[in-house]
Structure formats: structure tokens, C-alpha cells
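Notes for the structure review
In case you want the letters, here they are:
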Amino acid sequence: MKRAAGKRWILGMLVMAMIWVLSACGAGGKEGAPADASAASGSGEAGKEPILIGMSTEATGDNAMNSVNLYQGVQVAVDQVNAKGGIDGRLVELVVRDTEQNPTRGISIIRDFSQKEKVLAAIGGFHSTVMLAQSPVIMEEKFAFMVATSNVPASVESGMPWTFGVRMNANITAQYALKFIKEHFNTTKIAILHENGGYGKGAAAAMTKVLEAEGLKPTAVETFDNAKDKDMTAQVNRAKESGAEVVYLFGQGAANGYVLQAMDKLGWKVPVVGENGTANKGIQEVGKELADGVYAIQTANFNVDQTREPAKKFLDDFTKKFGHIPTTFASAAQGYDGAMLLFQAIEKAGLTGDLAKDREAIRTTLETNLGSYNGVIKEWEQAFTPENHDAVDVNSYLMCVWKDGKLVVSDKQ
Amino acid sequence: MSLVLQLVISGLSVGCLYALIALGYSLTYVVNGTLNMSQGQLVMLGGVLMFGFAELAHLPFLVSFAVAALLVGLLNLGIERLAIRKFDKGPNSIEWVLSTIAVGIIIQDVALYFNGPDEGVTPSPVGEGMLRIFGAGIYWKEFIFLPVVGVLLAILILFYKKSHWGLWLRATADNRTAVEIMGVSSNKIVAVAYVLSGLLAGIGGALMSTNYAVSVDIGLPLGLKAISVAILAGVNNPKGIVAAGLLLGVAEAVIGQYVSTAFREMFVYGMVILVLYWKPTGLFNARKTAIKV
């Protein structure tokens, strides 16, 4: 009898301990990832309502370590604007949500932003599959949304009046990449190796399109699953057999490293050109020295001295806040510039207090009356027009390359 | 020829991983009919701990390896006590499915909280060199998987055959009531099986981290692959599981090359279903419950 009671007591203790651990994690999650962004720096006028901006991010999942760069870039922008007293004396506050890389959750986050949190505008759009699902819902909910990484053209193009891109649109990237490949490697025999989500598919379709415009075709198009596939021998060998002279690589992180390993095993040495996926640390972790010489199309590079004033200031503030430089350059720069463009639009539009009117005013200001903005990526005269919602054009790119374990600006541009 | 060889050896190294994880399922299934659905997350934990100890805390490789594996083994002892024992109420109970899935989610979230979402590869003590066999290449750090899995399999079989714990394990698998009547605590036996299964998961994860990037979310896909390997082979046959794991790894590479890379999962799992039509208890399974060693 006594023993049984003792056992029950121990079990009770264990359950309590578990509940404690769980609740600690729950609370920790809130601190660690989102929600602390509002970091009000105090110079805004007391009593005034903060300006709420939605932040849709991926804090969990295999893209989280790259996605966090976008979020951090936005945080730096918020800190800077709040340090100056906010917009019209109102501090900016982020409403941060994690999509968990789940499109369904991404959609409910947009609804939540619009209907429950009543944000003025929002920013995010790292994960392409999620962004694709969110875009039509944003159109229904009618508030401006800055897509700051996702490359899929359709999330901003194809009649989407409410989404604006400060991102590397796959179509424009493909034009830039093809020009680069022709100029420096003197070939159009390109094999596309891509992950099977929105990111890779968007890039593959775009490259195929620009090749077709010149009456050409990719020599091979091979896919892999970013989370599951570890052995890429088959994909790489098919690309090799197709006679390709350049690999256009669109996976994320480690998966790209496995592709390099398979190329190494098959003794196949051709230039590899990618974008954000080949810029982040996963390719280096897995591929080690194989990553050297791999190209990554970016819009910024923080491993080198910054020549432009806003970029210097951004990098300083970023390093001060997070203790290191960004790990995915383009996403951090685009997150920052996207947020700043949004803040500029809010300031210019002038808020009336009527949510629907203000949202509409922000959108029209972005399209027609934004004026010049000097950002991390470049200086814009007017970043958007009613016909063009993509701020990053073919002249905004910066070709980077891995050298001795570091991503540096390429000599070939 | 060299291409076929290349596909086979590339497939073998991935297959080793599947086999190692699947062996962990087998150990627990045979003694009390439960599968630890968080096995994949335990493998992840082994890998993340290994990376943490070796790369971040700069402990020697073997120390990190042993500590990572032991910690995961011990954790599985706790899982058995909290998420299995209460819920395993005989052959018809399925509550443990839910409880172990829940444990898997908890492990992943706790790991994410402490580790963050980073991907990491632990440098292998055998270096970055490549072994060439008739023109086909395999990194030494992958090649090493084969002997390690071979040795672990041999130890497991010796354990089943020679040690009294192994005998008790097999006896529990055969007839739990009889074991209890003989005065052996079957709860203890189950706990031992869980510790061993955890050890295998920890070793699998730590080994994996020397060639593949480990991050907190690699667990579930690996766990699912391995569970299909275990079922394909027949859960009670360790040798069969290793064979099936290697077979699956090679099949993936070959199907990727000669059929389609986009649909290779579909083909692989289609094959698994066909095999189960043909041999419902798995490819290498002789009888329903006893361990085949």
C-alpha cells in the first residue's frame, strides 16, 4: 500500500516536472523567436497607438536558419525607425507569426493579420510554397505585403495588386544568370537541378522560359527533395550525361552540398550557379572545399567592406544587435529595404485612422508616390510602379562566389 | 559499369543509415510489440548532440560519440517508463502510438529551443578523402558506415545468442507470461530493449552527422523511411533489416537513375506495398513473433 502510494507520488512529480519543462519551452519559444521585436525604444510619444506591421516568418523547419535573416533585417529597420521617434510620433510594432513552412498556416496568418490584429501592412515571404498560398489571400484581405525573399514570380506578378517584391524574382534572376553564363562560360548548355518545392520549381520554370526565348532548352531538369534526399548520384549523373556545361542549382543548404558531393564522386567539374540556396552555410557545411568556386546570385554581400552609407549603417546596427553579420545576405538586405520602403510609404501616405482607407493609401503611395529611397541594395528613384511591383531589377544583382570558405563578391559580374 | 557500381555504393551508404535506424525499431517491437514512433527524432538528437559536443564544445570525437549515444539511450529509458509502460496494455493497445508520436514532437521542439534551426556536419576522423573502386567514388567517411553497421549487427546477434539478457529478450518476445512465471521481470527486459534501441538511434545519429547535415527537423523523414525498411524486412529479423535497408538505399539510387528522380519515392513505396502483398509479414520473416537471429 505504502509502496503504491510512493510510486504514484513519484509519477506525479515526473508529470509536474514535464509540465514545467513544457511551459518553460512554450514561454521560451515566444522569447526566442518572435514577439520581442516591438522593442520600443521609448522616444515615441506616450499614449499614441503603435503602428502594427505583420511579420510572417519561418522560425521552424529546414529553412528557418536562412529565413531568420529576413526577420532580423526587418528588426533592424524597426529599431532604426523607432530610434528616430517612429512614424508621425507612433512607434512601429511587429506582429510576428511563424508559418512553420505550412501553407495552410500561412493563410490563416494572413487572415489573422488582417482581421484580428488589424495590421496596416505586412512583410515576410521567405518560403515560396507558403508565399504562393498567401498571395491570393492577401489580395482578398487588401493590405500591402512586402515579399522579401520568395523568388516565385506569380506571388507578385499575375495581377496581384497588394503584394510588392523586394526579392530576386526568378524570371529576372534567370535572365541575369543566362547572360552571366553566356558571357563568362561561353555556353548555353545548362542543366537545372532543383528542389521540388516552390523555390526550385519557380527557378526551373524561369530558366526554361528564358532559354526557350532564345530557341534553346535546358539539357536536363532534375529534381530532389530538400528534406529527404541525401544521395544525389542519380540526378547529377543524368545531368552529366546530358552534356551540360553549367549547373543551375536551386536547392536549399545541405541538399546543395550533397549535389556537390555527387559531382565530386562522378568526377564532374563544371561551374555551378545558384541563388540564395547556394549562399547559405549549409552548402559549405556539407560540401567543405567543394563549395569553393560555387556562384551565388545575391543583392548584397556583407563579407566585404561596404561602400554605400546605408549599407554600412545597416551592417553596424545588425552586428550590434545580433553579434554577427547576416548569414544569408540577400534575405537580410531585402528584409531591411522592404521594411524601410514600407515605412516610407506609411509616412508619405499619412494615416487617417480608417484602416481600409489607410491600407489603400499605402498601396497607392508605394505604386505612385514613394519617391526616392537610398537602401542597402541600391538607390531607387521610384521602386514600384502600378505595372511593376518588383523593386529588384536585373541591375540590382551582385554575383558572389565561395572562396576559402567565405562568400565573397565575384570578379566576374 | 562504373555507373552501376557508383549507384550501388552511393545507395549503400544511405542504406546503412536506414538499416541502423530500422534495427532500433526491431529491438523494441520484438519484446512487447511496440514501435517507438519517436525513433527518428532520437536519431536527430544523437546527431545534434554529437555536433554540439564535437564541434561546439570541442570534445574529442570518440568521447562525443559515446556521450551522445549514451544520452539518447538513457532518454529512451525515460520514454519507456513514461510513454510506453502505462500505454502498452497487451497486443490490442495502440495508445503507445500516440504517446510516442507526442514524445517525438516534444523532443524536436525542445531540441529546436536549445539548438536553434542550424544545420551542421561533424568532421569525420577518417577525413575528407575519397576511395575509388573501379572508377566509382565513395568518401571514406561514408564507406566507414558499412563496417560500423556490420559490427553493430554482429554484436546484436551475439547479444541475442550468447548473453542471458539476450536470451531473456528473446524469451519475452516468445512468451511474456512464461518469462514472468520463471521469475524474470518482463518490465525490466522491455526497459533494456528500449535502452539498446536508444543507443542504436544515438549511434545512428552521431554516425550520420559525420557525412550528412543534421538539424532538428531531419528526424521525421528518416524515421518514416526506416520504419518502412523494418516492415519490409519483417520487424523481428535483424539481418533481414540490414539487408532491406541496404536494398532500399540502392533501389532509390537505381530508380532515380533509370526511372525518374521526381517519382522515385513513389516507386520505392509502391514496391514496398507490392512486397507486402506478396509477403505480408515482410521479406525475411519466418514467424510472427520470435526473433530470428
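Residues numbered from 1 in each chain as written. Chains lettered and ligands numbered in written order. Predicted model: local features only at pLDDT ≥ 70, side-chain atom pairs only at ≥ 80, totals over all residues.

**Remarks on the interface of chain A and chain B**
Accessible area lost on assembly of the parts is the figure often given for the size of an interface. This is how the line gets drawn: Once C-beta atoms are placed from the backbone, any two residues with those atoms within 7 Å are in contact. The secondary structure listing takes helices from DSSP runs of H or I that are at least 4 residues long and strands from runs of E that are at least 2 residues long, numbered from the N terminus. In this count, Pro and Cys sit with the nonpolar residues alongside Ala, Val, Leu, Ile, Met, Phe, Trp and Tyr, while Asp, Glu, Lys and Arg are called charged and the others, Gly among them, polar.
In this assembly, 33 residues from chain A lie in contact with 30 residues from chain B. Every element with two or more residues in the side of chain A that touches chain B is listed here: α1 (2-32), α2 (64-83), β7 (220-224), α7 (233-241), α8 (254-265) and α10 (281-287) of chain A. Here the side of chain A that touches chain B is built from residues that sort into 10 nonpolar, 13 polar and 10 charged.

**Brief notes about the confidence of the model for chain B**
Under the convention used in this document: pLDDT is a residue-level measure of predictor confidence that goes from 0 to 100.
For chain B, the mean per-residue pLDDT works out to 88, and 97% of the residues sit at or above 70. Interface predicted TM-score (ipTM) for the complex: 0.84; the corresponding pTM is 0.82.

**Remarks on the nonpolar core**
Going by this rule: We define a nonpolar core as a collection of buried residues of the types Ala, Val, Leu, Ile, Met, Phe, Trp, Tyr and Cys that are connected via C-beta atoms lying within 7 Å of each other. Any residue whose C-beta has 12 or fewer other C-beta atoms within 10 Å is treated as exposed, any with 20 or more as buried, and any in between as partly exposed, C-beta atoms being built from the backbone. Delimitation of the domains relies on an automatic or database domain assignment.
The biggest cluster of nonpolar side chains holds 218 residues, and the ones touching the most others in it are Ile53(A), Ala19(B) and Val229(B). When residues of this core are assigned to domains, at least three map to each of domain 1 (39-168 + 307-393) and domain 2 (171-298) of chain A. Contacts of Ile53(A), omitting those with residues within four sequence positions, involve Val92(A), Leu94(A), Val95(A), Val119(A), Leu120(A), Ala121(A), Ala122(A) and Ile123(A).

**Describing the sheet that holds strand β5 (residues 163-165) of chain A**
All names here are of chain A. So the rule is basically this: Strands were regarded as paired on the criterion that DSSP finds at least two bridges between them. Axis angles are defined between N-to-C directions and span 0 to 180 degrees, where every axis is a line fitted to C-alpha atoms and, for a helix, only to the segment in contact.
Pairing in this open sheet of 5 strands is parallel, and the strands run β2-β1-β3-β4-β5 from one edge to the other. At either margin of the open sheet sits one strand with a lone partner, and together these are β2 (92-98) and β5. Recorded for the sheet is a direction-independent mean angle of 25° between the axes of neighbouring strands. Relative to strand β4 (residues 144-147), strand β3 (residues 121-124) runs parallel, the two sharing 4 bridges. Its bridge partner being in β4, Ile123 is matched across the sheet by Met146. Running at roughly 170° to β3, helix α12 (residues 329-349) makes contact with β1 (51-57), β2, β3 and β4 of the sheet.

**Brief notes about the domain arrangement of chain A**
Residue and element names in this part refer to chain A. Segmenting chain A into domains produces domain 1 (39-168 + 307-393) and domain 2 (171-298). The interface is formed by 19 residues belonging to domain 1 together with 20 residues belonging to domain 2. Listing elements by their share of the side of domain 1 that touches domain 2, those giving two or more residues are α4 (128-141) and α12. Within the side of domain 1 that touches domain 2, the residues separate by chemical class into 7 nonpolar, 9 polar and 3 charged.

**Concerning the environment of Val408(A)**
Residue and element names in this part refer to chain A. Structurally, Val408 can be placed in strand β14 (residues 406-409). With 125 residues separating them along the chain, Val408 and Ile283 place their C-alpha atoms 15 Å apart. Apart from residues no more than four positions distant in its own chain, Val408 is found in contact with Asn301, Asn303, Val304, Cys400, Val401 and Lys403.

**A few points about the packing of helix α10 (residues 219-233) of chain B against helix α11 (residues 238-258) of chain B**
Residues and elements named next belong to chain B. Rules: Note on angle classes: values under 35 degrees are labelled roughly parallel, values over 145 roughly antiparallel, values of 65 to 115 roughly perpendicular, and the remainder oblique. Here is the rule for handedness: rotate from the far helix to the near one, and if that takes an anticlockwise turn smaller than a right angle the crossing is left-handed, while a clockwise turn gives right-handed.
Where α10 meets α11, the axes come as close as 8 Å, and the angle between the chain directions of the two elements is 125°. Our classification of the angle between α10 and α11 gives oblique. Relative to α11, α10 is oriented so that their crossing is right-handed. Of the residues in α11, those touching α10 at Val229, Ala230, Leu232 and Ala233 are Gly240, Ile241, Ala243, Ala244, Gly245 and Leu248. For the contact of α10 with α11, the residue count by class is 8 nonpolar, 2 polar and no charged.

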